[in-house]
Amino acid sequence: MENIILTGDRPTGRLHLGHYVGSLRRRVELQNCGEFDKIFIMIADAQALTDNFDNPDKIRDNIIEVALDYLSVGLDPSKVNLFIQSAVPELTELTFYYMNLVTISRLERNPTVKAEMQLRNFETSIPAGFFTYPVSQTSDITAFKATVVPVGEDQLPMLEQAREIVRKFNATYGEVLVEPKALIPENSVCQRLPGTDGKAKMSKSLGNCIYLSDTPDEVKQKVMNMYTDPNHIKVTDPGNVEGNSVFTYLDAFAKDEDFARFCPDYKNLDEMKDHYKRGGLGDVKVKRFLLAVLEQELAPIREKRKQYEKDIPAVYEVLKKGTEAARVEAAKTLDEVRAAMRINYFDDAELIRSQQEKFNSTAD
Ligand code: TRP
């Protein structure tokens, strides 16, 4: 069996450090590791519309932002297929068939959907499109027969749902679809990077994100204003590293060699944390170190983005090519699905012949 990756993001804004440590960084490694036969990375505009249907220009404008973020972190269109979900109508058709394989009560139990419904105050009036987006996400994954889906841990319920639909489909119609596996970051800190304000999650609406496309000044300002330990007032006070965003970010980003380079007073993060906990290490010093570590990662990304920004038509062309290639793959799966579901009337000569025979034998 081939090793195939599919993953994607909703184009509701520029991508931030949470996306980066949760998934983007890994995708580039996977792209370069040579173990995968095909890699599909999708801009999930149709899914984004399920809770932004009344704001289509937001989605429209963010397609290019997300594409630029992809390219600037090092996703390489000669190795991965970057494509736009809505431009692969096969995905919509699959979704319609998969709807029969899921119950309303099962959808109601999806923890991600539940949480998102609360977040958006949808309790009383849930758009059916939003409610069923896990089914559509199953189409995204299975259309490409993806075996591996690199995502953040908040997406695990989606993968579970997808696996259930695959099993139900295969049991009902025959073995056509492939059960996907989720790939989440092994470093638990990377599974959900907190916001710069210490809140559980980076989120555009909370204004607590550091974007991949932020300028050096913006990053500096955000890091220097970051939430730390509110009880660590004087440098000599003992400090807490748990729930302290600066240290959480260091957990996600700092490597031992960064200390030799930017903060040689410590050999590694444990030593730095110990000093902070004992007292005597000020927030500013830790923040300066974090800034250096982040800038080391962000500067090349920013540089690359600038290059791609000079030729926007070329970026759309990358998406167009990727979308065409994705359609070819999705159409192959859809042919198999239609045959298994017994709805491939016109390309089944045997069906037409046997129907004729049936009518011939009843004619006399
Ligand atoms: N739901 C994902 C997100 O919000 C985006 C997405 C859509 C996706 N379809 C997918 C991710 C298929 C993985 C596989 O980020």
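For the structure, see preceding data.
For the structure given in this document, a descriptive report is provided here.

Calculation notes
- Residues numbered from 1 in each chain as written.
- Predicted model: local features only at pLDDT ≥ 70, side-chain atom pairs only at ≥ 80, totals over all residues.
- Heavy atoms only, no water.
- Helix = DSSP H or I, 4+ residues; strand = E, 2+ residues; numbered from the N terminus.
- Buried < 20%, exposed > 50% of the residue type's maximum accessible area, 1.4 Å probe, protein only.
- Contact = heavy atoms within 4.5 Å.
- Near = heavy atom within 4 Å.
- Polar contact = N/O pair within 3.5 Å; in protein donor to acceptor, adjacent residues only side chain to side chain.
- Areas by Shrake-Rupley, 256 points an atom, 1.4 Å probe, with all protein chains shown as cover.
- Core = buried A, V, L, I, M, F, W, Y, C linked by side-chain atoms within 4.5 Å.
- Salt bridge = Lys/Arg side-chain N within 4 Å of Asp/Glu carboxyl O.

As a further point, take the overall build of the chain. A count of helical and extended segments in the chain gives 17 helices and 5 strands. Here the chain holds 364 residues, and 50% of them are scored as buried. Within the chain, counting contacts between residues at least 6 apart in sequence, those at least 24 apart form 75% of the total.

Among the 13 residues in the neighbourhood of the ligand, the closest are listed as Arg10, Gln47, Gln137, Asp140 and Gln155. Contacts to the ligand include Gln137, whose side-chain N or O atom sits 3.0 Å from a nitrogen atom. Here a nitrogen atom of the ligand and a side-chain polar atom of Gln155 are 3.1 Å apart. Expressed as a share of its isolated accessible area of 360 Å², the protein-covered part of the ligand is 90%. Listing elements by their share of the shell around the ligand, those giving two or more residues are strand S1 (4-9) and helix H8 (133-142).

Leu17 and Met272 are the most contacted members of the largest nonpolar core, which has 61 residues in total. Excluding residues that lie within four positions of it along the chain, Leu17 makes contacts with Leu193, Met202, Ile210, Leu212, Tyr249, Phe253, Leu294 and Leu298.

Tracing the backbone shows Cys190 in helix H10 (residues 188-191). Not counting residues up to four positions away in its chain, the partners in contact with Cys190 are Val21, Gly22, Arg25, Pro185 and Ala252.

Right, let's talk about the pattern of salt bridges for a bit. Tallied over the full model, the rule gives 32 salt bridges. A salt bridge links Glu160 to Arg163; its shortest N-O distance comes to 4.0 Å. Here the residue Glu160 and the residue Arg163 both occupy positions in helix H9 (residues 156-173), the gap between them amounting to 3 residues, near one helical turn. For Glu160, a relative accessible area of 35% corresponds to the partly exposed category. Between Glu179 and Arg167 there is a salt bridge whose closest N-O contact spans 3.0 Å. Note that Glu179 is positioned in the loop between H9 and strand S5 (181-183) and Arg167 in helix H9, a separation of 12 residues in sequence. Judged by relative accessible area, which is 33%, Glu179 ranks as partly exposed. With relative accessibility at 37%, the residue Arg167 sits in the partly exposed group. Via salt bridges that share partners, Glu2, Lys38, Glu329 and Lys332 belong to a single interconnected network.

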